[in-house]
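Letter by letter, the chains look like this.
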Amino acid sequence: MPGGAMAPAPDERVDVTGLSIAALSDLFAAMGEPAFRAKQLYKWIYVRGARDFAEMTDLSKTLRAKLEDGFRVGRPGVSAHQRSTDGTEKWLFRYADGNEAETVFIPDDERGTLCVSSQVGCSLTCSFCHTGTQRLVRNLTPGDIVGQFMKARDDLGDWERSDAGRRLTNIVFMGMGEPLYNTDNVIAALRLLGDGNGLGMGRRRITLSTSGVVPELRRIGEALAPQLAISLHAVTDELRNELVPINRKYPIAELMRAVRDYPTLKNAQRVTWEYVMLDGVNDSDADARALVRLIEGIPSKINLIPFNPWPGSAYERSSDERIRRFSRIIMDAGYASPVRTPRGQDILAACGQLKSESQRVGKRERLAMEAMRQEKEAAAGL
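Note that the coordinates shown come from a computational prediction; the quantities given were computed from them, not determined experimentally.

Calculation notes
Residues numbered from 1 in each chain as written. Predicted model: local features only at pLDDT ≥ 70, side-chain atom pairs only at ≥ 80, totals over all residues. Heavy atoms only, no water. Axes fitted to C-alpha atoms, helices over the stretch in contact; angles between N-to-C directions. Helix = DSSP H or I, 4+ residues; strand = E, 2+ residues; numbered from the N terminus. Parallel < 35°, antiparallel > 145°, perpendicular 65-115°, else oblique. Left-handed = near helix turned anticlockwise from the far one by under 90°. Contact = heavy atoms within 4.5 Å. Nonpolar A, V, L, I, M, F, W, Y, C, P; charged D, E, K, R; others polar. Salt bridge = Lys/Arg side-chain N within 4 Å of Asp/Glu carboxyl O. Buried < 20%, exposed > 50% of the residue type's maximum accessible area, 1.4 Å probe, protein only. Polar contact = N/O pair within 3.5 Å; in protein donor to acceptor, adjacent residues only side chain to side chain. Pairing = 2+ DSSP bridges.

(A) Highlighting the packing of helix 5 (residues 183–194) against helix 6 (residues 214–223). At a closest axis distance of 11 Å, the pairing of helix 5 and helix 6 adopts a crossing angle of 25 degrees. The orientation of helix 5 relative to helix 6 falls into the category roughly parallel. Of the two possible hands of crossing, helix 5 and helix 6 adopt the one that is right-handed. Residues T183, D184, V186, I187, L190 and R191 of helix 5 form the contact with helix 6, whose own contacting residues are E216, R219, I220 and A223. Of the residues contributing to the contact of helix 5 with helix 6, the split by class is five nonpolar, one polar and four charged.

(B) Representation of the pattern of salt bridges within the structure. Under the counting rule described, the total for this entry stands at 20 salt bridges. The residue D15 makes a salt bridge to R72 at a minimum N-O spacing of 3.7 Å. In this pair, D15 is assigned in strand 1 (residues 14–15) and R72 in strand 2 (residues 71–72), connecting sequence segments 57 residues apart. Overall, D15 belongs to the partly exposed group, its relative accessible area being 27%. Linking D155 and K151 is a salt bridge whose minimum nitrogen-to-oxygen distance equals 3.2 Å. In this pair, D155 and K151 are both assigned in helix 4 (residues 142–156), four residues apart and thus about one turn of the helix distant. Judged by relative accessible area, K151 falls into the buried class, the value being 13%. Residues joined in a network through salt bridges with shared partners are D11, R13 and E68.

(C) Up close: the side chain of S231. Position of S231 among the secondary structure elements: in strand 11 (residues 227–231). Since its relative accessible area comes to 13%, S231 is described here as buried. There is a polar contact of 2.9 Å between the side chain of S231 and the side chain of E274.

(D) Structural view of the pairing of strand 6 (residues 112–115). Side-chain alternation along strand 6 places G112 and L114 on one buried face and T113 and C115 on a second face that is also buried. Relative to strand 6, strand 5 (residues 100–107) is paired through four bridges, and the arrangement is antiparallel. Residue pairing for strand 6: I106 is matched across the bridge by T113. Joining the antiparallel neighbours strand 5 and strand 6 is a turn of four residues.

Set out below in C-alpha cells:
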C-alpha cells in the first residue's frame, strides 16, 4: 500500500445479514436475551435497512454495545459501480474472501428489476454465454445473495420510500451461476427476500432462472415455487447438448416433465422460456414451430433474447426480421413472445455478458468489445 501503510485488519465480527428470524432468536438466546429481541433486530435489518446498531433505538445502550462488539450488519464491498446510457446499473460486488460477483439493475417504466447472482462464476459452460467462460469459484451464501439486494436498495434510496414508490420492484435470479446448483442457499435467500414481515418481495415478484437441474427443480417447487424461467435455447437434444451442456444429463423430455409438474402450473401461472436468438443456429421457422409443439398445454411466455456478442464468441445475433418472423409464429399459436430489448451493453451488463473480476476481464477484451460495437454501428449507418 502507498507509504507502506498496513492493510486494515479483517472484521472478524459475525455478520447478521442473511440470518433468519430463527437464527437471530438462537443468537439472542445464547446471549441470555429474551426472544422478542430477535424480532426487533430483524425489523431493523430487513425493514428499515439499518447498518449500525446505534440506530436501533428500541434496544438498550448496553445491548447495542454488546451487539457492536460481536456482530455487524454487513454489505458486500463495491469494486465498481457502472451506469449505462440507458439507465441500467451494474455493481461488481466484492466479498470478504476477495471474490466478486456482478448484479444488474434494469429500470423500466413500471418496474425496476434486480438481476442477482447465485455463484461466483459458473460450471455450466453454455457456449453462447460469457459467464460460462469463467470457472466456478464458489457458491454465494444467503447473506451474499441478500446483500446484493440490500446494497442495491441502499444505493437506489429505496429504504426511505414506501412500497409503492420503490424503484426496485422485482428480482430475477439470472445473474452469474446456476441457482439450482446452490439450492440450499438460494432457498434460504428466497425466504428472506419474500418475507412479508421483512424485505417483502412477494413470490410473484421473484423469478428463478435455471438451465434445467431437474431434481432440484422439483425440490424448489415443493419448498417455495418462485416464478420459473427455463433457459431453453434449443428444441432438439442434439443442439441443446451443444448450447446448454447440462442437457446431456437432463435431456429435454425429462426437463419438460419436471416443468409440467411444477406447482404453480396448477394455478395457471406461466412459465417463461428463455430463448437466445442465434443466427442460422436455432432461429428458423421450423425451430419456432417445434418450440410451439414442445410447450403445448403449458401456460407459457417465450422471451426471445437477441444474442449479446462478446469477444471470442462463436455466434452472431439473428437479424431483426428473422426474430420478428420467429416471434410471429409463436404469437399466432397463442403464446406471448416478447423480444427482450438488450440493456446495458455498453457496460457488459446485458444477458449473457456478465463475468466478474474474480477472473478479470482484461483491457484487450474490453477493447475488442468496443470495436465490435463500433463495427455494428458502422454497418447500420449510425
